[in-house]
Amino acid sequence: MLGGAGVLLGVAAAPAQAAEVSYATECIPPAISGLPPVQGTTKVEITAPAEAKVGDEVEVVWKLVQAASKNPNILDLEQNTVQPTGTLKAAGAQTADIAMQGPRENPPIPKNTDMKLSDMKGKLKLTAPGEVTLTPDAYNINVNKPISTDTKCTPKETVQKAATIKVTDGGGNSGGTTGGLPTVIPTLPTGVPTDLPTGLPTGSSSPTPSPSESETGGDAGGSSTGGGGDSGQTDFTGKEVQVPYECKTPIGDKEATSPVQINAKKNGGSFDLTVQFKKSVMDSPADIPKDSVKPSMEVVLGGVDKGTVHVEGPTNSEAIKSGDPIEIPDLTGTYKPGASGESTLSPGVLTIEALGTTTTCTPAKSEVSLTLDTTEQASGASGGGSAAGGSAGGSSTDGGLAATGAEDQGSLKALGLVAGTALLLGGAVFTFMPGRRLR
């Protein structure tokens, strides 16, 4: 029995009664999770006074005996990060929607274990004599770390009443109209899995046709020549290529195609590279904290040179609100040639680190974006991984939303990478999707 149940404010309460009901429930994970609706059974115990008088304000307690589902097998939920809210329906002598809310108090909830939610409480001002029935309705589970997400659960069948209050005439001090609305703490509680962040690229929901097979080698459209020769050219613009990505995320394999362009600027015998993801359109499905997303890529070398060049972008310098486009800055790094002749550069493996999770996306097909005329440099690439004097700064720290792509000061709504971040929020899977520049 829930403590404090059945308390009549300002009046002596009759003995509390507690009754349990169960009902089929459908829970909708956060949109960013990409997870389908969850079907389960919710068991609720409602505690309320057996009797009261018109004019009394009674307190009702909702205890979630069993949530419709467990915490998904993705992330452990920290202590005191989950808060339930819900709606209790009053009918009979008076009708009202009683807002129920519990404190953000919970023990640590490991992956793949039962949800443990606090008891919710609400108040109802009694306005008419007769029997008032109490029936649980929809509830919501909010998880506030690493970001705030909600899992919404609604009954899928008629729910039986869980308690009945016998209201007697208290002498005309009803203090309200029939059907008086209760004093409420709006919110919906619950315990159904929802979220898990996840990072998968998404310029489009599924891979779109890539440019023709001929887009390789010297046909790098706009790619330059003479990078190491005597042409005097210093800036080289690559061709925008469609890259079909296959991503490994915390919630499964994902596919998406994104437009990518590699540009270079000659710097002595080396080249400063800039990789941009362009024209991908996607808005953030949830609030994204500051410094939580870190994208990087290994540019693949071909032609006379071999190996990879590491490029990366900074983490987002400010929080991104849900619904705002995610724009990611350019990914940069330095390419030091390891061979003389014509070298090609193609988008390679993309890595997104975000809030402790990693999403890795590998091109299903190689597409050359830029071709350069190079001159071998000491300690140059030629066959090594992460070659390139790497000014991009190798490792990242605070995570990285899987959206990558930056269109010069434009809205790089890149790889709608559902953000390689499976963040369990109150049993919900959280997923990041880019669309706004990480500034």
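Bear in mind that the values here come from a model prediction, so they are computed numbers and not experimental data.

About the cut-offs
- Residues numbered from 1 in each chain as written.
- Predicted model: local features only at pLDDT ≥ 70, side-chain atom pairs only at ≥ 80, totals over all residues.
- Heavy atoms only, no water.
- Helix = DSSP H or I, 4+ residues; strand = E, 2+ residues; numbered from the N terminus.
- Contact = heavy atoms within 4.5 Å.
- Areas by Shrake-Rupley, 256 points an atom, 1.4 Å probe, with all protein chains shown as cover.
- Buried < 20%, exposed > 50% of the residue type's maximum accessible area, 1.4 Å probe, protein only.
- Polar contact = N/O pair within 3.5 Å; in protein donor to acceptor, adjacent residues only side chain to side chain.
- Disulfide = S-S within 2.5 Å.
- Salt bridge = Lys/Arg side-chain N within 4 Å of Asp/Glu carboxyl O.
- Core = buried A, V, L, I, M, F, W, Y, C linked by side-chain atoms within 4.5 Å.
- pLDDT = per-residue confidence, 0-100.
- Phe/Tyr/Trp six-rings, centres within 6.5 Å; stacked < 30°, edge-to-face > 60°.

## Topic: the overall build of the protein
Piece 1. Of regular secondary structure, the protein possesses 0 helices and 26 strands.
Piece 2. A sequence separation of at least 24 residues applies to 78% of the contacts in the protein between residues at least 6 apart.
Piece 3. When the accessible surface of the protein is summed, it comes to about 16500 Å², and 48% of that surface belongs to carbon and sulfur atoms.

## Description of the side chain of Thr25
Piece 1. With respect to the element layout, Thr25 can be found in strand S2 (residues 16-28).
Piece 2. A relative accessible area of 2% means that Thr25 is categorised as buried.
Piece 3. Within the structure, Thr25 has its side chain in polar contact with the side chain of Thr42 (distance 2.7 Å).
Piece 4. The contact partners of Thr25, leaving out residues within four places of it in the chain, are Val38, Gln39, Gly40, Thr42, Ala68, Tyr139, Cys153, Thr154 and Lys156.

## Looking at the state of the cysteines
Piece 1. This structure, assessed with the given rule, holds 2 disulfides.
Piece 2. With a sulfur-sulfur separation of 2.1 Å, Cys27 is cross-linked through a disulfide to Cys153. Here the S-S torsion is close to 115 degrees, and the disulfide linking Cys27 with Cys153 is therefore right-handed. Placement of the pair is Cys27 in strand S2 and Cys153 in strand S10 (residues 149-155), with a sequence separation of 126 residues.
Piece 3. Classification of Cys153 as buried rests on a relative accessible area of 1%.
Piece 4. Two residues, Cys247 and Cys361, share a disulfide whose sulfurs are 2.0 Å apart. Measuring handedness by torsion sign, the sulfur bridge of Cys247 and Cys361 sits at about 115 degrees and is right-handed. With Cys247 in strand S14 (residues 241-249) and Cys361 in strand S22 (residues 357-363), this pair connects stretches of sequence that are 114 residues apart. Each member of the pair Cys247 and Cys361 is classed as buried.
Piece 5. Look at the protein and number its bonded cysteines as they come in the sequence; the links are 1-2, 3-4.

## Topic: the pattern of salt bridges
Piece 1. All told, the structure shown has 7 salt bridges when counted by the stated rule.
Piece 2. Where Glu78 meets Lys145, a salt bridge forms, and the shortest distance between an N and an O atom there is 2.9 Å. In this pair, Glu78 sits in the loop between strand S5 (57-66) and strand S6 (82-92) while Lys145 sits in the loop between strand S9 (130-143) and S10, placing the two residues 67 residues apart along the sequence.
Piece 3. Classification of Glu78 by relative accessible area gives partly exposed; the value is 44%.
Piece 4. Given a relative accessible area of 40%, Lys145 falls into the partly exposed group.
Piece 5. The partner of Lys294 in a salt bridge is Glu312, with the nearest N and O atoms 3.2 Å apart. Here Lys294 is found in strand S17 (residues 293-303), whereas its partner Glu312 is found in strand S18 (residues 307-312), with 18 residues between them in sequence.

## Comments concerning the nonpolar core
Piece 1. In this structure, Ile46, Trp62, Val82, Leu88, Leu124 and Leu134 are the most contacted members of the largest nonpolar core, which totals 38 residues.
Piece 2. Counting residues per element, the ones that place at least two in this core are S2, strand S3 (38-49), S5, S6, strand S7 (96-101), strand S8 (120-125), S9 and strand S11 (163-168).
Piece 3. Grouped together as the second largest cluster of nonpolar side chains are 26 residues, Phe236, Ile262, Leu273 and Leu301 included.

## Some remarks on the confidence of the model for the protein
Piece 1. Residue-level pLDDT values for the protein average 72, and 64% of them are 70 or greater.
Piece 2. Strand S25 (residues 423-424) is the least confidently modelled element of the protein, averaging 27 in pLDDT, while strand S20 (residues 341-346) averages 96, the highest of any element.
Piece 3. Across residues 1-13, confidence stays below pLDDT 50; counting only partners more than four residues off in sequence or on other chains, it has 38 contacts.
Piece 4. Counting interchain partners and residues more than four positions distant, the pLDDT-below-50 stretch residues 172-226 has 271 contacts.

## Thoughts on the packing of aromatic side chains
Piece 1. Overall, the coordinates contain 4 aromatic pairs when judged by the stated rule.
Piece 2. Ring centres of Phe271 and Tyr335 lie 6.1 Å apart, and the angle between their planes is 25 degrees; this geometry places the pair in the stacked category. Separated by 64 residues along the polypeptide, Phe271 in strand S16 (residues 270-277) and Tyr335 in strand S19 (residues 331-335) bring together distant segments of the chain. For the pair formed by Phe271 and Tyr335, the shared burial category is buried.
Piece 3. Members of the aromatic cluster, connected to one another through ring pairs, are Phe236, Phe271 and Tyr335.

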